Amino acid sequence: MNHGAIIQIDDCLVSEEILTEYFSCDYGKCKGCCCVIGDSGAPLEECETEAIEKNYPVFSGIMQESGRKAVSEKGFFEVDIDGDIVTPLVPGSEECAYTCFDKDGNCFCAMEKCWFQGQGDFRKPISCWLYPIRVSSLSNGMKALNLHRWDICRDAYEKGKKEKVRVYEFLREPLERFFGNDFYSALCEAARMLTARS
């Protein structure tokens, strides 16, 4: 499969797919299943573990009992089989410990729910907020931004195509938050040039 060109913006190498592929979360269909399906928890930056620990008293108020138990046994994070720092999973399941559910069984991030309620100052891990973009650090100090494809998000790709929303457009807020407005403007210009070329 051809994943297209790599575009360099500052110290980031960006996969062309982020500018050309369509994506828009379809929560009505997926019900937030990315919170409860996966081989390990959400990848975390080291600085995020401190923010989670600081805000945990607020998060714990709306987490499931099984999630609180997982945190009490494992801590605020764990290291997965690949050596990455991730959110802990509820033992015997693929469910993130920081998941909460409504009465209909829909999944929500307890961290983000608290943030929207004005409780706590940590929204959610950047790996979750930027999904389906995955950011990796390269040995030369640069960062690589690639598109991650997960079967449970197929409805999001279909919805994005129907609504004509590209990945980078859907993720404008977290991209600007973590990489800056100038970076996002450069993404828009690169997308414009790709569109004009095709």
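Everything here concerns the structure above.
For clarity, every value in this text was computed on a predicted model and none was experimentally measured. (Residues numbered from 1 in each chain as written. Predicted model: local features only at pLDDT ≥ 70, side-chain atom pairs only at ≥ 80, totals over all residues. Heavy atoms only, no water.)

Chemist: Could you give me a rundown of the layout of surface pockets, with the residues and numbers involved?
Modeler: To locate leftover empty space, one rolls a probe as large as a water molecule over the atoms. Its boundaries defined by the atoms lining it, the second largest pocket holds a volume of some 200 Å³. Considering the residues around the second largest pocket, the lining is formed by Glu45, Cys47, Glu48, Trp115, Asp121, Phe122, Arg123, Lys124, Ile126, Trp129, Arg177 and Phe178. (1 Å grid on protein atoms, 1.4 Å probe; cavity = no way out; pocket = protein on both sides within 12 Å on 5 of 7 lines; lining within 4 Å. Points joined across faces, edges and corners; volume = space filled by probe spheres on them.)

Chemist: Which residues make up the pattern of salt bridges, and what are the values?
Modeler: Tallying each qualifying case throughout the model produces 12 salt bridges. In this structure, a network of salt bridges that share partners links the residues Glu112, Arg123, Lys124 and Glu173. (Salt bridge = Lys/Arg side-chain N within 4 Å of Asp/Glu carboxyl O.)

Chemist: Residues and numbers for the nonpolar core, please.
Modeler: Generally speaking, nonpolar side chains in soluble globular proteins are found buried as a group. Leu175 and Leu187 are the most contacted members of the largest nonpolar core, which totals 28 residues. If you list the elements that add at least two residues to this core, you get strand E1 (6-9), strand E2 (12-15), helix H1 (17-20), strand E8 (143-147), helix H7 (154-163), helix H8 (167-170) and helix H10 (181-197). The biggest single contributor to this core is H10, with six residues. Apart from residues no more than four positions distant in its own chain, Leu187 is found in contact with Ile9, Val14, Leu19, Tyr168 and Leu175. (Core = buried A, V, L, I, M, F, W, Y, C linked by side-chain atoms within 4.5 Å. Buried < 20%, exposed > 50% of the residue type's maximum accessible area, 1.4 Å probe, protein only. Helix = DSSP H or I, 4+ residues; strand = E, 2+ residues; numbered from the N terminus. Contact = heavy atoms within 4.5 Å.)

Chemist: Can you explain the sheet that holds strand E7 (residues 133-137)? Please cite residues and give values.
Modeler: Sheet architecture is open: four strands sit in the order E1-E2-E8-E7, paired in mixed fashion. Of all the strands in the sheet, just E1 and E7 have a single pairing partner and so form its edges. Adjacent strand axes in the sheet meet at a mean angle of 25 degrees when their direction is disregarded. Its contacts with the sheet place helix H9 (residues 172-179) against E2, E7 and E8, and it is angled at close to 175 degrees to E8. (Pairing = 2+ DSSP bridges. Axes fitted to C-alpha atoms, helices over the stretch in contact; angles between N-to-C directions.)

Chemist: Could you give an account of the pairing of E1, with specific residues and numbers?
Modeler: Side chains of E1 alternate between two faces, with Ile7 and Ile9 buried and Ile6 and Gln8 left unburied. Note: E1 against E2, four bridges, orientation antiparallel. Looking at the pairing, Ile7 lines up with Val14 of E2. Between E1 and E2, which follow one another and run antiparallel, lie two residues, and Asp10 among them has a positive phi close to 55 degrees.

The values reported here are purely geometric and, on their own, carry no functional implication.
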